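Structural overview
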Amino acid sequence: SMPKASSSSHKQAPAETSEAREQQMINLAMNLAEKKLRDGSASNSIIIHYLKLGTARAEVEKTKLQAETDLAVAKMKSLESQAKMEELYAKAIEGMKTYQGNTFQEEYYDEE
């Protein structure tokens, strides 16, 4: 048979700071809330607390996903805009080269 988990696992070393003690208390409270939720003895306030927590987390996740989507769309539009500008610059440069070429040729022919 498998050895039983020692009951000393419930006894934690005393916390060295108030923050660590607070974390221990939070862990104990969450463990007790989980036990009560599992065995059906949880009070309405415990049930409502975890339902609200789940709802809040879902809202945060939804907001985060929307922000990521908006950012991706903005990046895509920026890249498209950049590509259009590069195309316009290329056409403008090509136009200037053609114009300079024509001007040069016209001046050359005028002298003959």
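Before reading on, note that the structure itself is shown above.
Residues numbered from 1 in each chain as written. Predicted model: local features only at pLDDT ≥ 70, side-chain atom pairs only at ≥ 80, totals over all residues. Heavy atoms only, no water.

**Considering helix α1 (residues 18–39)**
Between the first and last C-alpha of α1 there are 32 Å, a value that for 22 residues agrees with the 32 Å anticipated at 1.5 Å per step. Gly 40 sits one or two positions beyond α1 and adopts a positive phi of about 85°. (Helix = DSSP H or I, 4+ residues; strand = E, 2+ residues; numbered from the N terminus. Expected span 1.5 Å × (residues − 1).)

**Looking at the pattern of salt bridges**
Enumeration over the complete set of coordinates arrives at two salt bridges. Here Glu 87 ties to Lys 91 by a salt bridge, and the two come within 3.4 Å at their closest N and O atoms. In this pair, Glu 87 and Lys 91 are both assigned in helix α2 (residues 44–110), four residues apart and thus about one turn of the helix distant. According to the relative accessible area criterion, Glu 87 is partly exposed, its value standing at 45%. You can call Lys 91 exposed: its relative accessible area is 54%. (Salt bridge = Lys/Arg side-chain N within 4 Å of Asp/Glu carboxyl O. Buried < 20%, exposed > 50% of the residue type's maximum accessible area, 1.4 Å probe, protein only.)

**A word on the environment of Ser 45**
Residue placement: Ser 45 occurs in helix α2. Of note is the side chain of Ser 45, whose polar atom sits 3.0 Å from the side chain of Ser 43. (Polar contact = N/O pair within 3.5 Å; in protein donor to acceptor, adjacent residues only side chain to side chain.)

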